[in-house]
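Survey of secondary and tertiary structure
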Amino acid sequence: MTQGQSRQAEILVVGGGIIGCATALALARRGHTVRILERAEPGGLATHAAAGILGPMNETDRPGPFLDLMRQSLALYPDFVSGLIEETGLSPDLALDGILAVAPRASDRALLERRLAWQRPIDPSVTLLSAPEARALEPSLTGDFDSALWYPKEGHVFAPRLIKALLGALSRRSVPLEQGVTVSRIERNPSGTLSVTDQAGNVREAQAVVLAAGAALSAIDIPGPPVRIHPVNGQILAVRSPGSFYRRVVFYPPHGYFVPKKDGTVVIGATEERIGARTRVTPAGLLEFLAPLAPIAPEILGHPLHHTWSGLRPCSEDALPVLGPLAACPGLFVAGGHYRNGILLAPVTGEILADMVTGLATPMARAFSPERFGRPSPEQFF
Ligand code: GLY
């Protein structure tokens, strides 16, 4: 495309990460003409760094719309994955074989008991286990700990394979993904279409635009006040493990976890660092989640180090997802701020955004409107 050239109106999804790809696929499956614009590598900012945990109950401390959204997305996962396998033959290794949240000391048990009290009415399968009971489910917990909460319906998926399968499904549906396109500005035209300008000065015309640019979303100039998304660096590592010694996802305080993958690696994470739009891996960062793991599952630290890496989680002002239309610019939608749960929330986000773009009601998304941050009403812009 040459500078200043316009393309026929279609739905543009800005961002080729897990959220952009899931949204584009949901739109394509409903018959829309969709194109993805990606600044670098698909999934490069957050998706490829994700441990792929599908664990709603550990990601909030209360019932409410956020938990409901996560649980709804978890419920969609088996069909979401089997649809991808059917379309592409690629399996993202979905494993819903349970998550344990460990209390290292007796004094930590009160926290698990408080969680159990509000979570059990929502899911009666959540159980408080003694250390031996937890060890029977996860034999690598050979160290000292007090107890664990057991979430038998939760699990994980292999995020890099998931996005590969999504890209395969998009390609089979002839959804173009343009790489190397950094969107800089979006404007509404008098005709009602949107103009999407990239850093090279190319202008694409769109019938609707979904902003799914992860931690890069705030850099895009849009009508009205910006949607503020902050990058949060997460350092993570993987060790190579023998056989099938590791079975389940395990959370441990203050914010550690390990995730055994089917390829024989165990992913261990993660830091939470607000250091701007850059990634880093540091010994101090890795120690943050390795040191508390040592007393609980000491053998893990003896395995060969496979890889260390980091990625940028996209975090909104209240750390909750931002889903919906922008009142200041009809036709422009946000699918952002998924923070620690982009992989978990991808299926439900795709369906919600496809509903929104199609004009269908989305009651589940009301709590996540971009307008909740006190954005002025549309009248104030015209
Ligand atoms: N979902 C885990 C993390 O963001 O570290």
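Structural data are supplied above this passage.
Keep in mind that this is a model prediction, so the values were computed, not measured.

1. A short note on the side chain of H303
Positionally, H303 belongs in the loop between α6 (283-290) and β17 (305-316). Residue classification places H303 among the buried residues on the basis of a relative accessible area of 16%. Among the polar contacts made by the side chain of H303, one reaches the side chain of Y246 at a distance of 2.7 Å.

2. Quick notes on the sheet that holds strand β5 (residues 127-130)
The strand order β5-β6-β4-β14-β15-β16-β13-β17 describes an open sheet built from 8 strands, whose pairing is mixed. Only two strands of the sheet have a single partner each, and these edge strands are β5 and β17. Put simply, the sheet's adjacent strands are angled 25 degrees from each other on average, direction ignored. Relative to strand β16 (residues 265-269), strand β13 (residues 229-240) is paired through 5 bridges, and the arrangement is antiparallel. Looking across to β16, one finds that R240 is bridged to T265. The sheet contacts of helix α3 (residues 109-119) involve β4 (99-103), β5 and β6 (147-151), and relative to β6 the element is tilted by about 25 degrees. Packing against the sheet, α6 makes contact with β13, β14 (249-252), β15 (256-260), β16 and β17, and its axis sits at approximately 70 degrees to β13.

3. Digging into the packing of helix α2 (residues 65-88) against helix α5 (residues 159-172)
One can describe the packing of α2 onto α5 by two numbers: an axis separation of 9 Å at closest approach and a directional angle of 55 degrees. Looking at the two axes, α2 sits oblique to α5. Classified by chirality, the crossing of α5 by α2 is left-handed. Judged by residue contacts, Y77, F80, L84, E87 and T88 of α2 engage L162, A165, L166, G168, A169 and R172 from α5. Split by residue class, the contact of α2 with α5 holds 7 nonpolar, 2 polar and 2 charged.

4. Topic: unusual backbone geometry
With an omega of 5 degrees, the peptide bond between P253 and P254 qualifies as cis. Here P254 lies in the loop between β14 and β15. Note the cis peptide between G269 and A270, where omega equals -10 degrees. Locating A270 in the fold gives a position in the loop between β16 and α6. Positive phi outside glycine occurs at S174, with the angle close to 60 degrees. You can see S174 is positioned in the loop between α5 and β8 (177-179). The phi angle at Y339 is positive, at roughly 50 degrees, despite the residue not being glycine. By the secondary structure assignment, Y339 is in the loop between β19 (332-336) and α7 (342-358). Judged by relative accessible area, Y339 falls into the buried class, the value being 17%.

5. Remarks on the site of the ligand
The full set of residues close to the ligand is Y257, A270, R313 and R340. One nitrogen or oxygen atom from the side chain of R313 is found 2.7 Å from an oxygen atom belonging to the ligand. Note that a nitrogen atom of the ligand is positioned 2.7 Å from one of the backbone N or O atoms of R340.

6. Quick look at the pattern of salt bridges
Inspection of every chain in the model, using the stated rule, returns 19 salt bridges. The residue R29 makes a salt bridge to E87 at a minimum N-O spacing of 2.8 Å. In this pair, R29 sits in helix α1 (residues 18-29) while E87 sits in helix α2, placing the two residues 58 residues apart along the sequence. R105 serves as the salt-bridge partner of D108, at 3.4 Å between the closest nitrogen and oxygen. The network of salt bridges with common partners includes E10, R35, E178, D198 and R204.

7. Concerning the packing of aromatic side chains
Applying the stated criterion to the full structure yields 4 aromatic pairs. Ring geometry for Y77 versus F80: centroids 5.6 Å apart, planes at 85 degrees, classification edge-to-face. Separated by 3 residues within a single helix, Y77 and F80 lie in helix α2, roughly one turn from each other. For Y77, a relative accessible area of 0% corresponds to the buried category. Look at F80 and you get buried, because its relative accessible area is 10%. Between F251 and Y257, the aromatic rings sit 5.8 Å apart at their centres with planes inclined by 65 degrees, giving edge-to-face as the arrangement. Among the aromatic side chains, those forming a connected cluster through ring pairs are F245, Y246 and F258. Sitting above the plane of the F158 ring, R161 keeps its charged end 4.7 Å from the centroid.

Parameters at a glance
- Residues numbered from 1 in each chain as written.
- Predicted model: local features only at pLDDT ≥ 70, side-chain atom pairs only at ≥ 80, totals over all residues.
- Heavy atoms only, no water.
- Helix = DSSP H or I, 4+ residues; strand = E, 2+ residues; numbered from the N terminus.
- Buried < 20%, exposed > 50% of the residue type's maximum accessible area, 1.4 Å probe, protein only.
- Polar contact = N/O pair within 3.5 Å; in protein donor to acceptor, adjacent residues only side chain to side chain.
- Pairing = 2+ DSSP bridges.
- Axes fitted to C-alpha atoms, helices over the stretch in contact; angles between N-to-C directions.
- Contact = heavy atoms within 4.5 Å.
- Parallel < 35°, antiparallel > 145°, perpendicular 65-115°, else oblique.
- Left-handed = near helix turned anticlockwise from the far one by under 90°.
- Nonpolar A, V, L, I, M, F, W, Y, C, P; charged D, E, K, R; others polar.
- Near = heavy atom within 4 Å.
- Salt bridge = Lys/Arg side-chain N within 4 Å of Asp/Glu carboxyl O.
- Phe/Tyr/Trp six-rings, centres within 6.5 Å; stacked < 30°, edge-to-face > 60°.
- Lys NZ or Arg CZ within 6 Å of the ring centre and 35° of its normal.

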